[in-house]
Structures are given as structure tokens and as C-alpha cells.
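Structural overview for review
Listed below are the residues making up each chain.
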Amino acid sequence: MKTYYCNMEIFLEVTGGKWKGLILYYLLKGPKRTGELKRLVHNISQKMLVQTLRELESDGLVHRKVYNQVPPKVEYSTTELGQSLEPLFQTLCEWGENYAEQVFTKDEYQILSKE
């Protein structure tokens, strides 16, 4: 039995870390193959990407679909539970934009993609 001191601990355990949020962010936009995610999530190693995807799958947020073909094709998407994070992620993105506008000058940051 796991003990938590507040619900935020559960949320951070499942979605926290350096890469989980970014991977979920991109998967919320639609299914992606491993190579696609590797290009989108800059500076993540292949090993860390696969490990993080496995954790998200184990936590019930991501679905892994294997196509029966040669060469093998694997696609990742969010589950219904993973999709329930979308409004939260939209709010976090808006907060990030507002924060940047208030704290940074226009010369101090740039957003390369508003995906």
C-alpha cells in the first residue's frame, strides 16, 4: 500500500519528471510513432523516451498499438484517462505564456512552435 500526504503527490508521481509532461502534451494532439516523439521532445535519449512511454503506459495514460507488419510499426496515443489531462495542459500552457510575457523581455525568450 502506498501512502500519500496529498492528492498533488499522486499527480506528480504519474505526470512529473523532466519528460512525461512533454510526451503527454504531444500525444494529446494525436497518435505518434516513437521516431516522431523523439524529434518533438528535444534532447531526450531513445532509452529515456522508451522508458518514459512504458511508465505512462503502465500508469494507464498512454496506449501502445503494435501493427502486425514488416517492418514493425508501433504507435502511441493517449487513453481516455490520458485525454482527461487535456484541459489541465491547456491551462498550464496559458500560464506559461502569461508568465513569460510578464517576466521576460521579448529578447529573452522565443516559442518556436505554438502546437
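Described in the following lines is the structure provided in the data block. (Residues numbered from 1 in each chain as written. Predicted model: local features only at pLDDT ≥ 70, side-chain atom pairs only at ≥ 80, totals over all residues. Heavy atoms only, no water.)

For the rest of this paragraph, the subject is the pattern of salt bridges. Under the definition given, this model contains three salt bridges. A salt bridge links Glu 55 to Lys 20, with the shortest nitrogen-to-oxygen separation between them at 3.3 Å. Taken together, the residues span a long stretch of sequence, with Glu 55 in helix H4 (residues 46–58) and Lys 20 in helix H2 (residues 20–27) at a distance of 35 residues. Across the pair Asp 59 and Lys 20 runs a salt bridge whose closest N-O atoms are separated by 3.9 Å. (Salt bridge = Lys/Arg side-chain N within 4 Å of Asp/Glu carboxyl O. Helix = DSSP H or I, 4+ residues; strand = E, 2+ residues; numbered from the N terminus.)

Taken together, three strands build an open sheet; the order of strands is S1-S3-S2 and the sheet is antiparallel. Looking at the sheet topology across the chains shown, the edges are occupied by strand S1 (32–33) and strand S2 (62–67). As defined by bridge partners, S1 adjoins strand S3 (residues 73–78) across two bridges and the pair is classed as antiparallel. Across the sheet, the residue bridging to Lys 32 is Tyr 76, located in S3. This element, H2, spans S1, S2 and S3 of the sheet and lies at about 95° to S3. (Pairing = 2+ DSSP bridges. Contact = heavy atoms within 4.5 Å. Axes fitted to C-alpha atoms, helices over the stretch in contact; angles between N-to-C directions.)

Honestly, that's just the spatial picture; any functional story needs more than this.
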